[in-house]
2 protein chains.
Amino acid sequence: MAQQERAKRTRQVILEAAGIVFDECGYEAATISQILARADVTRGALYFHFSSKEDLARGVLDMAVTTEGVLPQQFKLQELADTSLLLAHRMPREPLLRAALRLSVDQRARRMFGTKWPEWITVGAGLLAEAKARGELLAHVDPYETSRFLVGAWTGVQLVAEAVPQDDSLVHEVSLMYQMLLPNIAVPAVLARLDVAPDRPLRLCEAAARPEKGGDAGTTGN
Amino acid sequence: MAQQERAKRTRQVILEAAGIVFDECGYEAATISQILARADVTRGALYFHFSSKEDLARGVLDMAVTTEGVLPQQFKLQELADTSLLLAHRMPREPLLRAALRLSVDQRARRMFGTKWPEWITVGAGLLAEAKARGELLAHVDPYETSRFLVGAWTGVQLVAEAVPQDDSLVHEVSLMYQMLLPNIAVPAVLARLDVAPDRPLRLCEAAARPEKGGDAGTTGN
(Lines give C-alpha, C1' and ligand atoms only; values in the text may rest on other atoms or scores of the structure.)
Protein backbone atom coordinates (compact mmCIF):
# COMPACT_ATOMS: atom_id res chain seq x y z
CA MET A 1 0.00 0.00 0.00
CA ALA A 2 1.44 3.39 -0.96
CA GLN A 3 2.18 5.77 1.89
CA GLN A 4 -0.52 8.20 0.75
CA GLU A 5 -3.09 5.43 0.65
CA ARG A 6 -2.08 4.29 4.14
CA ALA A 7 -2.38 7.85 5.50
CA LYS A 8 -5.84 8.17 3.95
CA ARG A 9 -6.92 4.92 5.52
CA THR A 10 -5.59 5.92 8.96
CA ARG A 11 -7.47 9.21 8.69
CA GLN A 12 -10.67 7.27 7.94
CA VAL A 13 -10.10 4.89 10.88
CA ILE A 14 -9.65 7.87 13.21
CA LEU A 15 -12.79 9.61 11.88
CA GLU A 16 -14.83 6.45 12.32
CA ALA A 17 -13.55 6.07 15.89
CA ALA A 18 -14.42 9.73 16.56
CA GLY A 19 -17.89 9.05 15.11
CA ILE A 20 -18.44 6.13 17.49
CA VAL A 21 -17.29 8.13 20.52
CA PHE A 22 -19.26 11.30 19.61
CA ASP A 23 -22.33 9.16 18.91
CA GLU A 24 -22.07 7.33 22.24
CA CYS A 25 -21.01 10.15 24.56
CA GLY A 26 -21.90 13.38 22.77
CA TYR A 27 -19.34 15.99 21.76
CA GLU A 28 -18.86 17.59 25.19
CA ALA A 29 -18.13 14.38 27.06
CA ALA A 30 -15.98 12.79 24.35
CA THR A 31 -12.20 12.79 24.89
CA ILE A 32 -9.24 12.38 22.55
CA SER A 33 -8.06 9.45 24.72
CA GLN A 34 -11.32 7.56 24.11
CA ILE A 35 -10.97 8.16 20.37
CA LEU A 36 -7.34 6.98 20.43
CA ALA A 37 -8.30 3.81 22.28
CA ARG A 38 -11.11 3.13 19.84
CA ALA A 39 -9.03 3.81 16.71
CA ASP A 40 -6.04 1.92 18.08
CA VAL A 41 -3.58 4.43 16.58
CA THR A 42 -0.82 6.43 18.23
CA ARG A 43 -1.36 9.93 19.57
CA GLY A 44 1.17 11.09 16.98
CA ALA A 45 -0.84 9.58 14.13
CA LEU A 46 -4.02 11.27 15.35
CA TYR A 47 -2.38 14.68 15.71
CA PHE A 48 -0.79 14.30 12.29
CA HIS A 49 -4.31 14.30 10.81
CA PHE A 50 -6.34 16.34 13.32
CA SER A 51 -5.14 19.19 15.51
CA SER A 52 -7.93 18.99 18.14
CA LYS A 53 -11.31 17.55 19.13
CA GLU A 54 -12.90 20.48 17.28
CA ASP A 55 -11.00 19.50 14.16
CA LEU A 56 -12.24 15.90 14.52
CA ALA A 57 -15.83 17.12 14.80
CA ARG A 58 -15.39 19.16 11.61
CA GLY A 59 -13.96 16.07 9.91
CA VAL A 60 -16.95 13.98 11.00
CA LEU A 61 -19.40 16.62 9.73
CA ASP A 62 -17.58 16.81 6.39
CA MET A 63 -18.20 13.09 5.85
CA ALA A 64 -21.94 13.46 6.41
CA VAL A 65 -23.12 14.90 3.11
CA THR A 66 -22.90 11.77 1.03
CA THR A 67 -24.76 10.51 -2.00
CA GLU A 68 -22.76 7.28 -2.01
CA GLY A 69 -24.78 4.49 -3.59
CA VAL A 70 -27.11 6.83 -5.52
CA LEU A 71 -27.08 5.78 -9.17
CA PRO A 72 -28.27 7.76 -12.21
CA GLN A 73 -31.99 7.15 -12.82
CA GLN A 74 -34.52 8.04 -15.49
CA PHE A 75 -36.19 10.49 -13.10
CA LYS A 76 -34.36 13.04 -10.95
CA LEU A 77 -37.11 12.59 -8.34
CA GLN A 78 -36.05 8.96 -8.07
CA GLU A 79 -32.48 10.07 -7.38
CA LEU A 80 -33.79 12.43 -4.69
CA ALA A 81 -35.80 9.66 -3.00
CA ASP A 82 -32.85 7.26 -3.36
CA THR A 83 -30.59 9.78 -1.59
CA SER A 84 -32.98 9.96 1.39
CA LEU A 85 -33.68 6.23 1.49
CA LEU A 86 -30.01 5.28 1.28
CA LEU A 87 -29.17 7.65 4.12
CA ALA A 88 -31.92 6.05 6.21
CA HIS A 89 -30.51 2.64 5.32
CA ARG A 90 -26.95 3.61 6.25
CA MET A 91 -27.65 5.65 9.41
CA PRO A 92 -28.26 2.71 11.77
CA ARG A 93 -25.19 0.96 10.29
CA GLU A 94 -22.71 3.87 10.36
CA PRO A 95 -21.82 5.64 13.64
CA LEU A 96 -20.08 8.39 11.68
CA LEU A 97 -23.37 9.46 10.07
CA ARG A 98 -25.17 9.25 13.42
CA ALA A 99 -22.45 11.34 15.06
CA ALA A 100 -22.78 14.03 12.37
CA LEU A 101 -26.53 14.20 12.97
CA ARG A 102 -25.99 14.37 16.70
CA LEU A 103 -23.50 17.23 16.28
CA SER A 104 -26.11 19.06 14.20
CA VAL A 105 -28.95 18.75 16.70
CA ASP A 106 -26.71 19.52 19.72
CA GLN A 107 -27.19 23.26 20.17
CA ARG A 108 -23.73 23.80 21.66
CA ALA A 109 -21.87 21.81 18.99
CA ARG A 110 -24.02 23.49 16.36
CA ARG A 111 -22.90 26.95 17.54
CA MET A 112 -19.27 25.83 17.17
CA PHE A 113 -19.40 23.97 13.87
CA GLY A 114 -22.65 24.87 12.18
CA THR A 115 -24.56 22.07 10.46
CA LYS A 116 -24.47 20.38 7.07
CA TRP A 117 -28.16 21.13 6.53
CA PRO A 118 -27.45 23.99 4.06
CA GLU A 119 -25.38 21.56 1.94
CA TRP A 120 -28.14 18.93 2.11
CA ILE A 121 -30.73 21.55 1.12
CA THR A 122 -28.53 22.49 -1.85
CA VAL A 123 -28.20 18.84 -2.94
CA GLY A 124 -32.00 18.36 -2.80
CA ALA A 125 -32.81 21.71 -4.41
CA GLY A 126 -30.41 20.90 -7.26
CA LEU A 127 -32.10 17.57 -7.97
CA LEU A 128 -35.56 19.19 -7.71
CA ALA A 129 -34.55 22.00 -10.08
CA GLU A 130 -33.39 19.40 -12.62
CA ALA A 131 -36.62 17.46 -12.07
CA LYS A 132 -38.58 20.67 -12.68
CA ALA A 133 -36.70 21.42 -15.91
CA ARG A 134 -37.57 17.90 -17.11
CA GLY A 135 -41.27 18.35 -16.35
CA GLU A 136 -41.36 15.86 -13.46
CA LEU A 137 -42.81 18.32 -10.92
CA LEU A 138 -46.27 19.75 -10.39
CA ALA A 139 -46.39 23.42 -11.38
CA HIS A 140 -46.54 24.87 -7.84
CA VAL A 141 -43.45 23.08 -6.47
CA ASP A 142 -40.61 25.36 -5.36
CA PRO A 143 -37.31 23.38 -5.41
CA TYR A 144 -35.65 25.26 -2.55
CA GLU A 145 -38.65 25.33 -0.19
CA THR A 146 -39.42 21.68 -0.87
CA SER A 147 -35.83 20.61 -0.30
CA ARG A 148 -35.67 22.63 2.92
CA PHE A 149 -38.82 20.90 4.12
CA LEU A 150 -37.49 17.45 3.14
CA VAL A 151 -34.25 18.01 5.07
CA GLY A 152 -36.15 19.12 8.16
CA ALA A 153 -38.72 16.33 7.93
CA TRP A 154 -36.04 13.67 7.39
CA THR A 155 -34.11 14.91 10.45
CA GLY A 156 -37.17 15.00 12.69
CA VAL A 157 -38.42 11.60 11.52
CA GLN A 158 -35.00 10.16 12.42
CA LEU A 159 -35.09 11.78 15.88
CA VAL A 160 -38.58 10.52 16.67
CA ALA A 161 -37.72 7.04 15.32
CA GLU A 162 -34.74 6.95 17.68
CA ALA A 163 -36.62 8.26 20.71
CA VAL A 164 -39.91 6.39 20.17
CA PRO A 165 -38.80 3.14 18.50
CA GLN A 166 -41.30 0.91 16.73
CA ASP A 167 -40.96 -2.33 14.82
CA ASP A 168 -40.45 -0.64 11.48
CA SER A 169 -36.95 0.55 10.62
CA LEU A 170 -35.98 4.13 9.81
CA VAL A 171 -36.03 3.27 6.13
CA HIS A 172 -39.72 2.29 6.49
CA GLU A 173 -40.48 5.65 8.00
CA VAL A 174 -38.63 7.56 5.27
CA SER A 175 -40.43 5.45 2.68
CA LEU A 176 -43.74 6.44 4.28
CA MET A 177 -42.65 10.08 4.26
CA TYR A 178 -42.10 9.95 0.49
CA GLN A 179 -45.41 8.14 -0.02
CA MET A 180 -47.10 11.03 1.81
CA LEU A 181 -45.22 13.81 0.01
CA LEU A 182 -44.68 12.68 -3.58
CA PRO A 183 -48.35 12.88 -4.68
CA ASN A 184 -48.08 16.64 -4.06
CA ILE A 185 -44.68 16.96 -5.78
CA ALA A 186 -44.60 14.66 -8.84
CA VAL A 187 -46.82 14.79 -11.92
CA PRO A 188 -48.99 11.63 -12.00
CA ALA A 189 -47.18 9.99 -14.93
CA VAL A 190 -43.89 10.22 -13.02
CA LEU A 191 -45.46 9.40 -9.64
CA ALA A 192 -46.70 6.07 -10.99
CA ARG A 193 -43.16 5.13 -12.00
CA LEU A 194 -41.28 6.05 -8.82
CA ASP A 195 -40.08 3.40 -6.41
CA VAL A 196 -39.90 4.40 -2.75
CA ALA A 197 -40.42 0.94 -1.26
CA PRO A 198 -38.54 0.28 2.00
CA ASP A 199 -36.37 -2.39 0.36
CA ARG A 200 -35.27 0.00 -2.39
CA PRO A 201 -31.90 0.91 -0.72
CA LEU A 202 -31.05 -2.75 -0.27
CA ARG A 203 -31.76 -3.39 -3.95
CA LEU A 204 -29.62 -0.36 -4.87
CA CYS A 205 -26.72 -1.70 -2.80
CA GLU A 206 -27.07 -5.11 -4.44
CA ALA A 207 -27.21 -3.53 -7.90
CA ALA A 208 -24.07 -1.52 -7.14
CA ALA A 209 -22.32 -4.75 -6.12
CA ARG A 210 -23.21 -6.33 -9.52
CA PRO A 211 -21.27 -4.14 -11.96
CA GLU A 212 -22.36 -6.21 -14.97
CA LYS A 213 -25.97 -5.14 -14.43
CA GLY A 214 -25.16 -1.44 -13.97
CA GLY A 215 -27.50 0.80 -12.06
CA ASP A 216 -30.71 -1.14 -12.50
CA ALA A 217 -32.34 -1.62 -9.10
CA GLY A 218 -35.64 -2.82 -10.49
CA THR A 219 -37.15 0.63 -10.94
CA THR A 220 -40.16 0.44 -13.22
CA GLY A 221 -38.98 3.69 -14.79
CA ASN A 222 -35.60 2.32 -15.84
CA MET B 1 -54.25 36.38 46.47
CA ALA B 2 -54.92 33.06 48.22
CA GLN B 3 -51.85 31.17 49.41
CA GLN B 4 -52.49 28.31 46.99
CA GLU B 5 -52.73 30.71 44.07
CA ARG B 6 -49.48 32.40 45.14
CA ALA B 7 -47.69 29.04 45.36
CA LYS B 8 -48.94 28.10 41.89
CA ARG B 9 -47.69 31.38 40.49
CA THR B 10 -44.26 30.98 42.13
CA ARG B 11 -44.01 27.49 40.66
CA GLN B 12 -44.75 28.91 37.22
CA VAL B 13 -42.15 31.70 37.64
CA ILE B 14 -39.53 29.10 38.60
CA LEU B 15 -40.41 26.86 35.64
CA GLU B 16 -40.19 29.77 33.23
CA ALA B 17 -36.79 30.75 34.65
CA ALA B 18 -35.64 27.14 34.31
CA GLY B 19 -36.92 27.20 30.71
CA ILE B 20 -34.85 30.31 29.93
CA VAL B 21 -31.69 28.86 31.50
CA PHE B 22 -32.08 25.39 29.89
CA ASP B 23 -32.80 27.04 26.55
CA GLU B 24 -29.73 29.29 26.77
CA CYS B 25 -27.18 26.93 28.31
CA GLY B 26 -28.50 23.42 27.74
CA TYR B 27 -29.39 21.03 30.54
CA GLU B 28 -25.84 19.94 31.41
CA ALA B 29 -24.40 23.41 31.84
CA ALA B 30 -27.46 24.91 33.61
CA THR B 31 -27.19 25.44 37.38
CA ILE B 32 -29.79 25.89 40.11
CA SER B 33 -28.06 29.18 41.03
CA GLN B 34 -28.65 30.58 37.54
CA ILE B 35 -32.30 29.55 37.74
CA LEU B 36 -32.65 31.16 41.18
CA ALA B 37 -31.11 34.39 39.93
CA ARG B 38 -33.40 34.43 36.90
CA ALA B 39 -36.56 33.61 38.88
CA ASP B 40 -35.67 36.00 41.67
CA VAL B 41 -37.02 33.63 44.34
CA THR B 42 -35.35 32.21 47.45
CA ARG B 43 -33.58 28.86 47.42
CA GLY B 44 -36.21 27.70 49.95
CA ALA B 45 -39.05 28.60 47.59
CA LEU B 46 -37.42 26.70 44.73
CA TYR B 47 -36.77 23.58 46.81
CA PHE B 48 -40.33 23.72 48.14
CA HIS B 49 -41.54 23.10 44.57
CA PHE B 50 -38.65 21.17 42.98
CA SER B 51 -36.24 18.78 44.64
CA SER B 52 -33.46 18.99 42.02
CA LYS B 53 -32.41 20.12 38.55
CA GLU B 54 -33.77 16.80 37.22
CA ASP B 55 -37.12 17.62 38.80
CA LEU B 56 -37.10 21.05 37.14
CA ALA B 57 -36.41 19.46 33.75
CA ARG B 58 -39.36 17.11 34.26
CA GLY B 59 -41.53 20.11 35.19
CA VAL B 60 -40.48 21.94 32.02
CA LEU B 61 -41.23 18.90 29.85
CA ASP B 62 -44.66 18.49 31.48
CA MET B 63 -45.60 22.01 30.34
CA ALA B 64 -44.70 21.28 26.73
CA VAL B 65 -47.71 19.31 25.53
CA THR B 66 -50.14 22.16 25.21
CA THR B 67 -53.16 22.80 23.02
CA GLU B 68 -53.68 26.22 24.60
CA GLY B 69 -55.45 28.52 22.15
CA VAL B 70 -56.90 25.69 20.03
CA LEU B 71 -60.65 26.28 19.69
CA PRO B 72 -63.34 23.80 18.57
CA GLN B 73 -63.71 23.87 14.78
CA GLN B 74 -66.06 22.37 12.24
CA PHE B 75 -63.27 20.06 11.03
CA LYS B 76 -60.99 18.03 13.28
CA LEU B 77 -58.25 18.47 10.66
CA GLN B 78 -58.49 22.21 11.28
CA GLU B 79 -57.95 21.64 15.00
CA LEU B 80 -54.89 19.50 14.16
CA ALA B 81 -53.41 22.20 11.93
CA ASP B 82 -54.27 24.87 14.53
CA THR B 83 -52.39 22.89 17.19
CA SER B 84 -49.24 22.79 15.02
CA LEU B 85 -49.53 26.39 13.86
CA LEU B 86 -50.12 27.73 17.37
CA LEU B 87 -47.10 25.87 18.68
CA ALA B 88 -45.01 27.38 15.87
CA HIS B 89 -46.41 30.80 16.79
CA ARG B 90 -45.63 30.37 20.49
CA MET B 91 -42.22 28.67 20.26
CA PRO B 92 -40.16 31.81 19.43
CA ARG B 93 -42.07 33.71 22.16
CA GLU B 94 -41.85 31.13 24.98
CA PRO B 95 -38.47 29.93 26.30
CA LEU B 96 -40.22 27.16 28.25
CA LEU B 97 -41.43 25.52 25.02
CA ARG B 98 -38.00 25.94 23.41
CA ALA B 99 -36.35 24.40 26.48
CA ALA B 100 -38.68 21.38 26.32
CA LEU B 101 -37.79 20.83 22.67
CA ARG B 102 -34.10 21.21 23.44
CA LEU B 103 -34.37 18.64 26.25
CA SER B 104 -36.01 16.26 23.77
CA VAL B 105 -33.35 16.56 21.07
CA ASP B 106 -30.45 16.43 23.57
CA GLN B 107 -29.52 12.76 23.59
CA ARG B 108 -28.24 12.82 27.17
CA ALA B 109 -31.24 14.65 28.62
CA ARG B 110 -33.50 12.41 26.53
CA ARG B 111 -32.01 9.31 28.15
CA MET B 112 -32.77 10.77 31.58
CA PHE B 113 -36.25 12.18 31.01
CA GLY B 114 -37.57 10.69 27.81
CA THR B 115 -39.46 13.01 25.46
CA LYS B 116 -43.02 14.25 25.12
CA TRP B 117 -43.20 13.01 21.52
CA PRO B 118 -45.34 9.98 22.44
CA GLU B 119 -47.89 12.33 24.05
CA TRP B 120 -47.82 14.62 21.00
CA ILE B 121 -48.30 11.61 18.71
CA THR B 122 -51.30 10.57 20.83
CA VAL B 123 -52.83 14.07 20.62
CA GLY B 124 -52.47 14.10 16.82
CA ALA B 125 -53.59 10.51 16.34
CA GLY B 126 -56.70 11.23 18.44
CA LEU B 127 -57.65 14.22 16.28
CA LEU B 128 -56.95 12.25 13.09
CA ALA B 129 -59.04 9.29 14.31
CA GLU B 130 -61.95 11.66 14.96
CA ALA B 131 -61.40 13.27 11.56
CA LYS B 132 -61.46 9.81 9.98
CA ALA B 133 -64.71 8.88 11.74
CA ARG B 134 -66.27 12.08 10.36
CA GLY B 135 -65.16 11.29 6.81
CA GLU B 136 -62.60 14.10 6.57
CA LEU B 137 -59.68 11.84 5.58
CA LEU B 138 -58.73 10.08 2.39
CA ALA B 139 -59.25 6.32 2.67
CA HIS B 140 -55.57 5.32 2.94
CA VAL B 141 -54.67 7.63 5.85
CA ASP B 142 -53.51 5.86 9.02
CA PRO B 143 -54.04 8.19 12.02
CA TYR B 144 -51.12 6.90 14.09
CA GLU B 145 -48.54 6.78 11.27
CA THR B 146 -49.60 10.19 9.99
CA SER B 147 -49.43 11.75 13.45
CA ARG B 148 -46.02 10.18 14.06
CA PHE B 149 -44.80 11.68 10.80
CA LEU B 150 -46.28 15.10 11.61
CA VAL B 151 -44.56 15.19 15.02
CA GLY B 152 -41.22 14.25 13.46
CA ALA B 153 -41.58 16.67 10.55
CA TRP B 154 -42.63 19.56 12.84
CA THR B 155 -39.61 18.95 15.09
CA GLY B 156 -37.15 18.77 12.20
CA VAL B 157 -38.61 21.82 10.46
CA GLN B 158 -38.14 23.76 13.73
CA LEU B 159 -34.51 22.59 14.05
CA VAL B 160 -33.63 23.52 10.48
CA ALA B 161 -35.43 26.88 10.81
CA GLU B 162 -33.33 27.63 13.90
CA ALA B 163 -30.03 26.46 12.38
CA VAL B 164 -30.53 27.87 8.87
CA PRO B 165 -32.66 30.98 9.44
CA GLN B 166 -34.47 32.65 6.58
CA ASP B 167 -36.77 35.65 6.39
CA ASP B 168 -39.93 33.63 6.92
CA SER B 169 -40.92 32.77 10.47
CA LEU B 170 -41.36 29.25 11.83
CA VAL B 171 -45.12 29.64 11.45
CA HIS B 172 -44.59 30.23 7.69
CA GLU B 173 -42.63 27.00 7.46
CA VAL B 174 -45.24 24.98 9.36
CA SER B 175 -47.93 26.53 7.16
CA LEU B 176 -45.97 25.36 4.10
CA MET B 177 -45.64 21.89 5.64
CA TYR B 178 -49.43 21.62 5.92
CA GLN B 179 -49.90 22.94 2.39
CA MET B 180 -47.62 20.13 1.20
CA LEU B 181 -49.22 17.39 3.30
CA LEU B 182 -52.93 18.09 3.48
CA PRO B 183 -53.71 17.32 -0.20
CA ASN B 184 -52.68 13.74 0.57
CA ILE B 185 -54.62 13.62 3.88
CA ALA B 186 -57.93 15.49 3.50
CA VAL B 187 -60.78 14.72 1.12
CA PRO B 188 -61.07 17.56 -1.43
CA ALA B 189 -64.31 19.01 -0.03
CA VAL B 190 -62.64 19.41 3.37
CA LEU B 191 -59.28 20.47 1.93
CA ALA B 192 -60.91 23.42 0.20
CA ARG B 193 -62.30 24.65 3.52
CA LEU B 194 -59.18 24.37 5.68
CA ASP B 195 -57.20 27.43 6.69
CA VAL B 196 -53.46 26.93 7.22
CA ALA B 197 -52.37 30.48 6.35
CA PRO B 198 -49.35 31.74 8.32
CA ASP B 199 -51.46 34.44 10.03
CA ARG B 200 -53.97 31.84 11.27
CA PRO B 201 -52.49 31.57 14.82
CA LEU B 202 -52.52 35.34 15.23
CA ARG B 203 -56.20 35.40 14.22
CA LEU B 204 -56.91 32.56 16.67
CA CYS B 205 -55.24 34.50 19.49
CA GLU B 206 -57.24 37.62 18.62
CA ALA B 207 -60.47 35.60 18.46
CA ALA B 208 -59.72 34.08 21.88
CA ALA B 209 -59.23 37.61 23.26
CA ARG B 210 -62.71 38.63 21.98
CA PRO B 211 -65.06 36.39 24.01
CA GLU B 212 -68.19 37.88 22.41
CA LYS B 213 -67.18 36.47 19.02
CA GLY B 214 -66.39 33.01 20.33
CA GLY B 215 -64.00 30.77 18.46
CA ASP B 216 -64.45 32.23 14.99
CA ALA B 217 -61.03 32.96 13.53
CA GLY B 218 -62.32 33.59 10.04
CA THR B 219 -62.24 29.96 8.95
CA THR B 220 -64.29 29.50 5.85
CA GLY B 221 -65.46 26.22 7.34
CA ASN B 222 -67.01 27.84 10.43
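Thresholds, definitions, all that
Residues numbered from 1 in each chain as written. Chains lettered and ligands numbered in written order. Predicted model: local features only at pLDDT ≥ 70, side-chain atom pairs only at ≥ 80, totals over all residues. Heavy atoms only, no water. Helix = DSSP H or I, 4+ residues; strand = E, 2+ residues; numbered from the N terminus. Rg over C-alpha atoms; globule rule 2.2 N^0.38 Å. Buried < 20%, exposed > 50% of the residue type's maximum accessible area, 1.4 Å probe, protein only. Contact = heavy atoms within 4.5 Å. Areas by Shrake-Rupley, 256 points an atom, 1.4 Å probe, with all protein chains shown as cover. Lys, Arg positive; Asp, Glu negative; His and termini not counted. Charge placed at Lys NZ, Arg CZ, Asp CG, Glu CD. Phe/Tyr/Trp six-rings, centres within 6.5 Å; stacked < 30°, edge-to-face > 60°. Lys NZ or Arg CZ within 6 Å of the ring centre and 35° of its normal. UniProt positions renumbered as here; feature names shortened; annotations may be inferred. Axes fitted to C-alpha atoms, helices over the stretch in contact; angles between N-to-C directions. Parallel < 35°, antiparallel > 145°, perpendicular 65-115°, else oblique. Nonpolar A, V, L, I, M, F, W, Y, C, P; charged D, E, K, R; others polar. Core = buried A, V, L, I, M, F, W, Y, C linked by side-chain atoms within 4.5 Å. Domains from an automatic or database assignment. Buried area = accessible area lost by both parts, 1.4 Å probe. Salt bridge = Lys/Arg side-chain N within 4 Å of Asp/Glu carboxyl O.

Named according to an unreviewed UniProt entry, chain A is TetR/AcrR family transcriptional regulator originating from Streptomyces luteoverticillatus.

### Quick notes on the overall build of chain A
Helix and strand counts for chain A come out as 12 helices and 0 strands. Reading chain A from its N end, one meets helices and strands in the order α-α-α-α-α-α-α-α-α-α-α-α. On C-alpha atoms alone, chain A measures out to a radius of gyration of 19 Å, which is about the 17 Å that the 2.2 N^0.38 rule sets for 222 residues. Projected onto the principal axes, the alpha-carbon positions of chain A cover approximately 60 × 40 × 35 Å. A burial count over chain A gives 51% of its 222 residues as buried. Taking contacts inside chain A between residues at least 6 apart in sequence as the whole, the part at least 24 apart equals 66%. For chain A, the exposed surface amounts to about 9900 Å²; the carbon and sulfur share of it is 53%. In chain A, 25 positive and 28 negative side-chain charges are present, and the distance between their average locations comes to 4 Å.

### Quick notes on the packing of aromatic side chains
Summed over all chains, the structure comprises 4 aromatic pairs over all chains. Between the aromatic rings of Tyr27(A) and Phe113(A), the centroid separation amounts to 5.2 Å while the plane-to-plane angle is 80°, which identifies the pairing as edge-to-face. Placement of Tyr27(A) in the loop between helix H1 (3-25) and helix H2 (32-39) and of Phe113(A) in helix H7 (residues 107-113) is noted, with a sequence separation of 86 residues between them. For the pair formed by Tyr27(A) and Phe113(A), the shared burial category is buried. An aromatic cluster of three or more residues is present, and its members are Phe22(A), Tyr27(A) and Phe113(A). Lying over the aromatic face of Tyr27(B), Lys53(B) brings its terminal NZ or CZ to 4.5 Å of the ring centre.

### Focus: the UniProt feature "DNA-binding region" (unreviewed entry) in chain A
With numbering aligned to this structure, UniProt lists the feature "DNA-binding region" (unreviewed entry) at residues 31-50 of chain A. Helix makes up 75% of residues 31-50 of chain A and strand 0%, with an end-to-end C-alpha separation of 13 Å.

### Some points on the packing of helix H1 (residues 3-25) of chain B against helix H4 (residues 53-62) of chain B
Residue and element names in this part refer to chain B. Viewed as axis vectors pointing N to C, H1 and H4 meet at an angle of 100°, and their least axial separation amounts to 9 Å. As judged from the angle between their axes, H1 and H4 are roughly perpendicular. Between H1, through Ile-14, Leu-15, Ala-18, Gly-19 and Phe-22, and H4, the contact on the second element is made entirely by Lys-53, Leu-56, Ala-57, Gly-59 and Val-60. Of the residues assigned to the contact of H1 with H4, the class counts are 7 nonpolar, 2 polar and 1 charged.

### Comments concerning the nonpolar core
In this structure, Leu77(A) and Leu77(B) are the most contacted members of the largest nonpolar core, which totals 85 residues. With residues up to four places along the chain from it excluded, the contact list for Leu77(A) reads Leu128(A), Ala131(A), Glu136(A), Leu137(A), Leu182(A), Ile185(A), Ala186(A), Val190(A) and Leu194(A).

### Here's the deal with the domain arrangement of chain A
Where the parts come together, the accessible area they lose is often given as the size of the interface. All names here are of chain A. Taken domain by domain, chain A consists of domain 1 (3-62) and domain 2 (76-210). Contacts between domain 1 and domain 2 engage 18 residues on the former and 14 residues on the latter. Interface area for domain 1 against domain 2, summed over the two sides, is near 1400 Å², with a carbon-plus-sulfur share of 70%. When the buried surface of domain 1 facing domain 2 is broken down by residue, Asp-23, Tyr-27 and Leu-61 rank first, second and third, together holding 44% of it. Viewed at the interface, domain 2 and domain 1 are joined by 3 salt bridges.

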